[in-house]
Amino acid sequence: MAVRGDVVVWLGSDEVGRSQFPDAVVQDLAGAFVSPGFVDSHIHVTATGLAISGLDLRAAGSRAQCLQMIADHAAAHPGRPVWGHGWDESGWPENTTPTTEDLDRVLGDRPAYLTRVDVHSALASSGLRRLVPELSAAAGFAADQPLTADAHHRVRAVARGLLTDEQLAEARVAALQALAASGIVAVHECAGPQIGGLDDWLALRSLDHGVEVIGYWGEPVSTAERARTLIAETGARGLAGDLFIDGALGSRTAWLQEPYADAPRCTGTCHLDPETIEAHLRACSEAEVTAGFHVIGDAAVSAVVDAIERVVDDLGVAAVARCGHRLEHLEMVTAEQAAKLGAWGVIASVQPNFDALWGGQDGMYAQRLGPRRGCRLNPLALLASQGVPLAFGSDAPVTGFAPWASVRAAIHHRTPGSAVSARAAFAAATRGGWRASGIHDGLTGTLVPGALASYAIWDAGALDVSAPRDAVQRWSTDPRSRVPALPRLDESDTLPQCLQTVHRGALIHG
């Protein structure tokens, strides 16, 4: 491969290349594997950095271990508020969360904010709760249990206000460095008033790191004029991302048509009514701005599909499809809904690691929904078969952002018939992210002459491309697909390790 500036200018055999470019600087990769740079299509950079530099509770295997990790972190960082992420009681033997009293026992009066792995509920110590005005009157308040809904949003805003500018800046840089070291060249930051706020998004947008940050702002509008104004004010690519219609299954805040199996009186939380959803879609379509929502439960999916259908009936398919509207997560979707979304050009920004973490007969999905509904989630093959473009993301810090892990999760889906091919998964993790951000040149996200020089170099083990194809991989790769022969990604295989990352011709890692 020959690169000039920020563009790939040639691909071919080594012998021909050396003769065509006799003065080139040659980098011999000694058998390493080169791929297009990956794109993470749904992430929260600052929160990811806080998990990297702060308290990561995803390793906690029990309630007692979680509390011990909190106590150890607090002791190692005296005088600072405690910010942590990642506890998940669904995999603990006792299957119960720590209480506010438990936190106070190990923290005293220290303010502490500790999000569940899905970030839709949080533990908050009494030292933090006392700082939030009228918290007990907010929806989602519980005196001794995790906070959800508006109570969670209020306590999160106060907790973020306790972090210093230096802590936040360190977190952003730490996250971007880790992303580059994972072979990721661009991310879709899902920002908004209820995420990190405008200051956080603008600070992230102003960073000149090397990893390209494409922003989506999750705030509803009701007029085309307001849509254009918000785009101008924020510099976002669209009014989409985490514009919450509902919450998450783990926190029992995803909006369902039938109650949760393990909470028979609960159907989750609806944050946006159908009229607001339709008004936002209509305004953005008229302004030719990408709209989108965070949508997980089947009631939420039905609400948004019905709203899009009404806008399509009024404005026409072309007016809607040209905007590239996107739905984040889209975990509970029917075949009929998928067919409509495909016909309307709606993009599915999905997270295969959700299934890897919570799918299966005994996973969190089955606990919350029962086996019948739990096995129907994240139907990647269904979406792809109906022409819905897929873009893969991590929702970090909810799941890890290693891109090969996402590809592997998509091809080893826990529900038979829901997996996609390795070629489709790899495309969704690379050029799918560029397509979701509105780039349709057919080149970006590939390695062909004329494409951006955005690529990663990997130690992928023994990749003997001269061997029979089945010895290299379990699937075929048609050269016309522009996808190279890929490393083996069986569940027992070691994932490729990133040696170097280049974006637009500039070295950003290695």
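A quick note: this is a predicted structure, and the numbers were derived from the prediction, not measured.

Go over the overall build of the chain, please, and point to the residues and values.
In terms of regular secondary structure, the chain is built from 20 helices and 18 strands. Its C-alpha atoms give the chain principal-axis dimensions of about 75 × 60 × 45 Å. In the chain, which comprises 510 residues, the share counted as buried stands at 55%.

A description of the side chain of Glu-212 should follow, citing residues and the corresponding values.
Examined against the element boundaries, Glu-212 turns out to sit in strand β10 (residues 212-217). Among the residues examined, Glu-212 registers a relative accessible area of 19% and is labelled buried. Among the polar contacts made by the side chain of Glu-212, one reaches the side chain of His-503 at a distance of 2.8 Å. If we skip the residues at most four places from it in the chain, Glu-212 touches Val-185, Ala-186, Val-187, Trp-434, His-503 and Arg-504.

Any chance you could break down helix α7 (residues 165-180) for me, citing the residues and the numbers?
Look at α7: 23 Å from first C-alpha to last across 16 residues, which is about the 22 Å you get at 1.5 Å a residue. Those residues of α7 not exposed but buried are Gln-167, Leu-168, Ala-171, Arg-172, Ala-175, Leu-176, Leu-179 and Ala-180.

Can you lay out the packing of aromatic side chains for me, pointing to particular residues and giving the numbers?
Where two aromatic rings form a pair, the distance of their centres and the angle of their planes describe that pair. The full count for this structure, using the stated rule, is ten aromatic pairs. Between the aromatic rings of Trp-404 and Phe-426, the centroid separation amounts to 5.6 Å while the plane-to-plane angle is 25°, which identifies the pairing as stacked. One end of the pair, Trp-404, is in helix α17 (residues 403-411); the other, Phe-426, is in helix α18 (residues 422-429), with 22 residues separating them in the sequence. Both residues of the pair, Trp-404 and Phe-426, belong to the buried class. With a centroid separation of 5.7 Å and an interplanar angle of 80°, the aromatic rings of Trp-404 and Trp-458 are classed as edge-to-face. Of this pair, Trp-404 sits in helix α17 while Trp-458 sits in strand β16 (residues 455-459), and the two are 54 residues apart along the sequence. You can call Trp-404 buried: its relative accessible area is 2%. The class for Trp-458 is buried, based on a relative accessible area of 2%. One aromatic cluster is present, formed by Phe-33, Phe-38, Trp-404, Phe-426 and Trp-458 through successive ring pairs. The aromatic ring of Tyr-216 is capped on one face by Arg-326, whose charged end is 4.3 Å from the ring centroid.

Give me the packing of helix α9 (residues 224-234) against helix α10 (residues 274-287): which residues, what numbers.
Helices that pack against each other are described as a pair by the angle of their axes relative to one another and the distance between those axes. One way to put it is that α9 packs onto α10 with a least axis distance of 8 Å and a crossing angle of 75°. Relative to α10, the element α9 is oriented roughly perpendicular. On α10, the residues touching Ala-224, Ala-227 and Arg-228 of α9 are Ala-283, Cys-284, Glu-286 and Ala-287. Each residue belonging to the contact of α9 with α10 can be placed in one class, and the counts come to five nonpolar, no polar and two charged.

If you had to explain the confidence of the model for the chain to someone new, which residues and values would you point to?
When pLDDT is low, close inspection of the predicted coordinates is not appropriate. Summarising the model, the chain shows a mean pLDDT of 93, and 95% of its residues fall at 70 or more. Counting contacts from residues 463-477, a segment whose pLDDT is below 50, to residues more than four positions away or on other chains yields 32 contacts.

Which residues make up the pattern of salt bridges, and what values go with them?
The tally for this structure, following the rule as stated, stands at 28 salt bridges. Note that Arg-372 and Glu-258 form a salt bridge whose closest N and O atoms lie 3.1 Å from each other. With Arg-372 in helix α15 (residues 364-374) and Glu-258 in the loop between β11 (238-239) and α10, this pair connects stretches of sequence that are 114 residues apart.

Can you explain the sheet that holds strand β8 (residues 122-124)? Please cite residues and give values.
Spatially, the four strands line up as an open sheet ordered β5-β6-β7-β8, and their pairing is mixed. A single partner strand is all that each edge strand has here, and the edge strands are β5 (55-56) and β8. Pairing between strand β7 (residues 112-116) and β8: three bridges, direction antiparallel. The partner of Thr-115 across the bridge, within β8, is Ala-122.

Give a detailed account of the domain arrangement of the chain, specifying residues and quantitative values.
Domain boundaries in the chain define domain 1 (49-162) and domain 2 (183-437). Here the C-alpha centre of domain 2 lies 26 Å away from the C-alpha centre of domain 1. The interface of domain 1 with domain 2 comprises 19 residues on the first partner and 22 residues on the second. When domain 1 packs against domain 2, the two sides together hide about 1500 Å² of surface, and 52% of this comes from carbon and sulfur. At the junction of domain 1 with domain 2, the criterion picks out two salt bridges. There are nine residue pairs in polar contact (both at pLDDT 80 or more) connecting domain 1 and domain 2. Among the elements that line the side of domain 1 that touches domain 2, the one with the most residues is helix α6 (residues 149-162), at four residues.

Lay out the pairing of strand β6 (residues 82-87) in plain terms, naming residues and giving numbers.
The buried fraction of β6 is high, at six of six residues. Here two bridges tie β5 to β6, and the two strands are oriented parallel to one another. Residue pairing across strands places Asp-56 opposite His-85, the latter belonging to β6. Regarding the hand of the β-α-β motif, the stretch spanning β5, helix α3 (residues 63-76) and β6 is right-handed. When β6 meets β7, the two strands line up parallel, connected through five bridges. Each bridged residue has a counterpart across the sheet, and for Gly-84 the counterpart in β7 is Leu-114. Crossover connection from β6 via helix α4 (residues 100-107) to parallel β7: handedness right-handed.

For the packing of helix α2 (residues 45-53) against α7, give the residues involved together with the corresponding values.
One way to put it is that α2 packs onto α7 with a least axis distance of 7 Å and a crossing angle of 90°. The orientation of α2 relative to α7 falls into the category roughly perpendicular. Touching Val-45, Thr-46, Thr-48, Gly-49, Leu-50, Ile-52 and Ser-53 of α2 are Gln-167, Leu-168, Ala-171, Arg-172, Ala-174, Ala-175, Leu-176 and Ala-178, all from α7.

Quick notes on the rules
- Residue indices begin from 1 for each chain and proceed along its sequence in written order.
- pLDDT decides what is reported in this predicted model: residues at 70 or higher carry local features, side-chain atom pairs at 80 or more are listed and counted, and totals for whole chains, interfaces and linings draw on all residues regardless.
- Neither water nor hydrogens contribute to the side-chain values; these are computed over all heavy atoms in the structure.
- In DSSP terms, a helix is any run of H or I states spanning at least four residues, a strand is any run of E spanning at least two, and both are numbered starting from the N terminus.
- Burial classification: accessible surface area is computed with a 1.4 Å probe over protein chains only, and a residue below 20% of its type maximum counts as buried, one above 50% as exposed, and the rest as partly exposed.
- N or O atoms closer than or at 3.5 Å make up a polar contact, with two conditions inside protein: a donor-capable atom paired with an acceptor-capable one, and, for residues adjacent in sequence, both atoms drawn from side chains.
- Contacts: residue pairs with any heavy atoms within 4.5 Å of one another.
- Multiplying 1.5 Å by the residue count of a helix minus one yields the expected span of that helix.
- Only rings of Phe, Tyr and Trp enter the pairing, Trp through its six-membered ring, and a pair is recorded when the two centres are within 6.5 Å. The plane angle decides the type: under 30 degrees is stacked, over 60 is edge-to-face, the rest tilted.
- Whether a charge sits over a ring depends on NZ of Lys or CZ of Arg being within 6 Å of the ring centre and within 35 degrees of the ring normal.
- Under this scheme, a helix contributes an axis fitted over its contacting stretch, all axes are lines through C-alpha atoms, and angles between N-to-C directions fall in the 0 to 180 degree range.
- To sort the angles, those under 35 degrees are grouped as roughly parallel, those over 145 as roughly antiparallel, those from 65 to 115 as roughly perpendicular, and the leftovers as oblique.
- Following the grouping adopted for this structure description, the nonpolar residues are Ala, Val, Leu, Ile, Met, Phe, Trp, Tyr, Cys and Pro, the charged ones are Asp, Glu, Lys and Arg, and the polar ones are all others, Gly among them.
- On a range of 0 to 100, pLDDT expresses the predictor's confidence in each residue.
- A side-chain nitrogen of Lys or Arg and a carboxyl oxygen of Asp or Glu constitute a salt bridge if their distance falls within 4 Å.
- A strand pair is defined by DSSP finding two or more bridges across the two strands.
- Where each domain begins and ends follows an automated or database-derived domain assignment.
- As used here, buried area is the combined drop in accessible area, with a 1.4 Å probe, of two parts when they are placed together.
- The definition of a right-handed crossover adopted here requires that, viewed with the strands pointing away, the path from the first strand over the helix to the second runs clockwise.

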